[in-house]
Amino acid sequence: MKQSRRWQRTLFLTLLSLSVVAPLVFVSHRLKTLTPDGRREFLDDLSSVTYRTDPLRLNAIEQEGAEELEEPKQVVYKEKDFGSTNSYISQKINDSEESKIEGYKNNLLERNVSEFDHDKRQDQEAQQKGLFSMDGDENIFNTTVAHNQNIHTQSQRMTDENVELTDKQSGPKANQHHHSSRPQSRRVTNQKVLEIKDQIIRARAYLGFAPPGSNSHLVKELKLRIKEMERAVGEATKDSHLSRSALQKMRHMEASLSKANRAFPDCTAMAANLRAMNHNAEEQVRSQQHQATYLVHLAARTTPKGLHCLSMQLTADYFTLKPEDRMLPNEKKIHDPKLYHYAVFSDNVLACAVVLNSTVSKAKKQEKLVFHVVTNSLNFPAIRMWFLLNPPGKATVHIQSIENFEWLPKYDAFKKDNSSDPRYTSELNYLRFYLPDIFPSLNKILLFDHDVVVQQDLSGLWNANMKGKVIAAVGTCQKGETSFHRMDMFINFSDPFITKRFDVNACTWAFGMNLFDLQQWRRHNLTALYHRYLQMGSKRPLWNIGSLPLGWLTFYNKTMVLDRRWHILGLGYDSGVDRNEIERAAVIHYDGIRKPWLDIAVGRYRSYWIKFMKFDHPILQRCNLQA
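Residues numbered from 1 in each chain as written. Predicted model: local features only at pLDDT ≥ 70, side-chain atom pairs only at ≥ 80, totals over all residues. Heavy atoms only, no water.

A look at the overall build of the protein
Inclusion rule: Note on conventions: DSSP H or I runs of at least 4 residues are helices, E runs of at least 2 residues are strands, and numbering of each starts at the N terminus. Classification of residues uses two cut-offs on accessible area relative to the type maximum, computed with a 1.4 Å probe and protein chains only: under 20% is buried, over 50% is exposed, and between them is partly exposed. Whether two residues are in contact is decided by their heavy atoms: any pair within 4.5 Å suffices. Surface accessibility follows the Shrake-Rupley procedure with a 1.4 Å probe radius. Residue values consider only the protein chains on display as shielding.
A count of helical and extended segments in the protein gives 27 helices and 10 strands. Here the protein, with 627 residues, has 43% of them falling under the buried criterion. Pairs at least 24 apart in sequence give 76% of the contacts found in the protein among residues at least 6 apart. Carbon and sulfur atoms make up 52% of the accessible area of the protein, which totals about 35500 Å².

Have a look at this one:
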């Protein structure tokens, strides 16, 4: 028994000795095979392994009790660099574990040691930008490299203090630093975006130095970096829109640009290349602007698919009705001069509907309203069918076709303009000069363009004293207004006939909402005067295209200027009209090419038009017409 115990004791001591001696033999054998440099690296590895376990545990403890920590006594950041450096470190720490913090620290230290050894001869601009474009980080890295013999101790203290500072910034004791960094972030919110775009421009400039068809390593690298940066920036306009990988790609791009700078050091050639790039970019911008202008005008002249569908559907439904079912109610009122008569000349179903709906909805006495819609024979069935399905309250609607005016051919022809724009070539546009012939039994009439919206009751306008004038209109002769016009902008004052009879400084006015005294019109025989100017203009250039210059000449000295609040212009071309003026206006006018029923409409003004059209109507949904 005693002998067996002795053998057990001896075996145990032998095994214990082997467990102690074997590692020493293994280490000593490996140290013999290492060079002096390799031996130092191996010892450094061992020291780093034994050193990293304790700080990681301390970091975890400090993060859990971050709110109770005192202000750190040693801060490696300068106060001016605190905001930018701390914001970047906090971005890396917020959603990572302690192991990621340590990896981030080692990555920074290794990169900066290599930079100090190899990029010492780079220009001062690249050094000031740095890999992160942060002055605070450069100060930290330079201090670390200067004390290379203490690198692990220094880096650990930097990481620990950064974690403390980040945690304290989220607490009440960091408010002072947090507020001090806010003004800078508010002033410069797109700094990184601009830097990325600058890097892309510089890279393309360096590519211009490469020979055509060159496929060198540097050319491939620059092309790759450009693609990466373009994907990284995308449509971003602020730094907050950038992904986290964008900063890493910026560092890679900066390194590639440094290589290109050493490969192509000729500054004169670079300046010439940049000037050529700038010239090409300006040419492209001008070309794109011309193309965009053409497409916008094309869209303005083209009937949208939904509107065409609506006209076809209404026309088909109209011809399925019996003749007695095609009659509109209350047509006996259309000749009563005591009522309020409104005229709209249009071939657009939705436009006419909005004008009538808005006017009726704001009127105090709907039963006194009579609307006269004049259109062409092609759209007559559709517009008539619409108002059969959607009568405008208690108001009366009268639909007429221009082809039914038997007296019109005696005036020979309308003004023929060399233009493809229907605003200038449509006969409906010049029909306004024949109002006494169209409505022979009326004394007054208020003419609307089909691109207006009525926002107030207009009965006060009917009671206005016109003082013998023929037309009441809003003036456009106030300088500084978007609707400002001068007579010589549209009329040729170099012609002796024009110069002798008209004042270039006379106040201009606008079509769109105009009250006409038809009795005064007939007394002055203004339709004959219009035809006289029309014939003169066909022989020599007296005015630009359109009916507005002809109106200024025909109604010269016969216009009563209304207060501007009756009629606000510019919603079809100017996006800077004051919203308060729009809200106060009795009538708002979408003059210009960006009509509210088109896709190119000014978005911020479209809601004033949409609210007077019920887009849940079944026939509108069939044609996919939406608000």
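Here's the deal with the state of the cysteines
Note the threshold: Here, two cysteine sulfur atoms that lie within 2.5 Å of each other are counted as a disulfide.
Scanning the entire structure with this criterion turns up 2 disulfides. Note that Cys 309 is cross-linked by a disulfide to Cys 623, the S-S spacing being 2.2 Å. Judged by the sign of its S-S torsion, about -70°, the cystine formed by Cys 309 and Cys 623 is left-handed. Taken as a pair, Cys 309 in helix 13 (residues 305-319) and Cys 623 in the segment after helix 27 (618-622) lie far apart in primary sequence, 314 residues in all. What makes Cys 623 buried here is its relative accessible area of 7%. Across the disulfide, Cys 477 is cross-linked to Cys 507 (sulfur-sulfur distance 1.9 Å). Between Cys 477 and Cys 507, the S-S dihedral sits near -70°, and the bridge is therefore left-handed. Of the two residues, Cys 477 is situated in the loop between strand 6 (471-474) and helix 20 (487-490) and Cys 507 in the loop between helix 21 (496-501) and strand 7 (513-517); the sequence distance between them amounts to 30 residues. Owing to a relative accessible area of 35%, Cys 477 belongs among the partly exposed residues under this scheme.

Focus: the side chain of Thr 396
Relative to the helices and strands, Thr 396 is located in strand 3 (residues 396-401). A relative accessible area of 0% places Thr 396 in the buried class.

Digging into the pattern of salt bridges
Side chains that differ in sign of charge can pair as their charged atoms come close. Here is the rule: Salt bridge, as applied in this entry: a Lys or Arg side-chain nitrogen positioned within 4 Å of an Asp or Glu carboxyl oxygen.
According to the stated counting rule, one finds 13 salt bridges in the structure shown. One salt bridge in this structure joins Glu 481 and Arg 564, with 3.0 Å as the shortest N-O distance. Remark: Arg 564 occurs in the loop between strand 8 (559-562) and strand 9 (567-568) and Glu 481 occurs in the loop between strand 6 and helix 20; sequence separation between them is 83 residues. Judged by its relative accessible area of 25%, Glu 481 is partly exposed. On the basis of relative accessible area, Arg 564 is assigned to the partly exposed category, the value being 24%.

Thoughts on the sheet that holds strand 10 (residues 587-589)
Let me state the cut-off plainly: A pair of strands is labelled paired if DSSP reports no fewer than 2 bridges between them.
One open sheet holds the 3 strands; their spatial order is 5-10-9, and the pairing between them is mixed. Looking along the sheet, the strands with just one partner apiece sit at the ends: strand 5 (452-454) and strand 9. With 2 bridges connecting them, strand 9 and strand 10 associate as parallel partners. The residue of strand 10 that forms the bridge with His 567 is Val 587.

Quick look at unusual backbone geometry
Non-glycine residue Asn 330 carries a positive phi angle of around 60°. Relative to the helices and strands, Asn 330 is located in the loop between helix 13 and strand 1 (340-345). Since its relative accessible area comes to 36%, Asn 330 is described here as partly exposed.

Quick word on the packing of helix 13 against helix 15 (residues 380-389)
For the record, the criterion: Inter-axis angles, ranging from 0 to 180 degrees, are taken between N-to-C directions of lines fitted to C-alpha atoms, where helices are fitted over the stretch in contact. Working rule for angles: under 35 degrees goes down as roughly parallel, over 145 as roughly antiparallel, 65 to 115 as roughly perpendicular, anything else as oblique. Throughout this entry, Asp, Glu, Lys and Arg are counted as charged residues, while Ala, Val, Leu, Ile, Met, Phe, Trp, Tyr, Cys and Pro are counted as nonpolar. The remaining residues, Gly among them, count as polar.
Contact geometry for helix 13 and helix 15: axes closest at 8 Å, N-to-C directions at 75°. Looking at the two axes, helix 13 sits roughly perpendicular to helix 15. Residues Ser 311, Leu 314, Thr 315, Asp 317, Tyr 318 and Phe 319 of helix 13 touch helix 15, and the partners they reach there are Phe 380, Pro 381, Ala 382, Arg 384, Met 385, Trp 386, Leu 388 and Leu 389. The residue inventory of the contact of helix 13 with helix 15, partitioned by class, reads 10 nonpolar, 2 polar and 2 charged.

Side note on the packing of aromatic side chains
Aromatic rings in a pair are described by how distant their centres are and how their planes are angled relative to each other. What counts here: Two aromatic rings from Phe, Tyr or Trp, using only the six-membered ring of Trp, form a pair when their centres are within 6.5 Å; if the ring planes differ by under 30 degrees the pair is stacked, by over 60 it is edge-to-face, and anything between is tilted. Lysine and arginine charges are scored as sitting over a ring when NZ or CZ, respectively, is within 6 Å of the ring centre and within 35 degrees of the ring normal.
Across all of its chains, the model carries 21 aromatic pairs by this definition. Taking the centre distance of 6.3 Å and the plane angle of 65° together, the rings of Phe 497 and Tyr 533 count as edge-to-face. With Phe 497 in helix 21 and Tyr 533 in helix 23 (residues 526-539), this residue pair connects regions lying 36 residues apart in the sequence. Tyr 533 carries the same exposure label as Phe 497, and that label is buried. Residues Phe 516 and Trp 521 carry aromatic rings whose centres are separated by 5.6 Å and whose planes lie at 50° to one another, so their mutual orientation is tilted. Overall, Trp 521 belongs to the buried group, its relative accessible area being 2%. Taken together through their ring pairs, the aromatic side chains of Phe 405, Trp 407, Phe 433, Tyr 434, Trp 509, Phe 511, Phe 516, Trp 521, Tyr 530 and Phe 555 make up a single cluster. Residue placement shows Arg 326 over the ring face of Tyr 318; its charged tip is 4.9 Å from the ring centre.

What about the confidence of the model for the protein?
Let me state the cut-off plainly: Each residue carries a pLDDT score, the predictor's own confidence in it, on a scale running from 0 to 100.
Taken as a whole, the protein shows an average pLDDT of 78; of its residues, 71% reach a score of 70 or greater. Confidence drops under a pLDDT of 50 for residues 49-186, and excluding neighbours within four residues, the segment shows 129 contacts in the predicted structure.

What to know about helix 26 (residues 603-610)
Buried residues of helix 26: Tyr 605, Arg 606, Tyr 608, Trp 609 and Ile 610, and no others. Summarising the contacts, the buried residues of helix 26 are in contact with helix 14 (349-362), strand 5, helix 25 (579-584) and strand 10.

With respect to the environment of Leu 298
Its location among the elements puts Leu 298 in helix 12 (residues 267-301). Residue Leu 298 is classed as partly exposed on the basis of its relative accessible area of 34%. Sequence-wise, Leu 298 and Ile 593 are 295 residues apart; in three dimensions their C-alpha atoms are separated by 9.8 Å.

Focus: the sheet that holds strand 8
Taken together, the 7 strands give an open sheet; going across it, the order is 3-2-1-4-7-6-8, and neighbouring strands pair in mixed fashion. Two strands lie at the open edges of the sheet, namely strand 3 and strand 8, each paired on one side alone. This sheet shows a mean twist of 25° between the axes of neighbouring strands, independent of strand direction. As paired strands, strand 6 and strand 8 are joined by 4 bridges and run parallel to one another. Considered in strand 8, the bridge of Val 474 is made with Leu 562. Packing of helix 14 onto the sheet brings it into contact with strand 1, strand 2 (369-375), strand 3 and strand 4 (444-448), and relative to strand 2 it is tilted by some 170°. Packed on one face of the sheet, helix 15 meets strand 2 and strand 3 and runs near 170° to strand 3.

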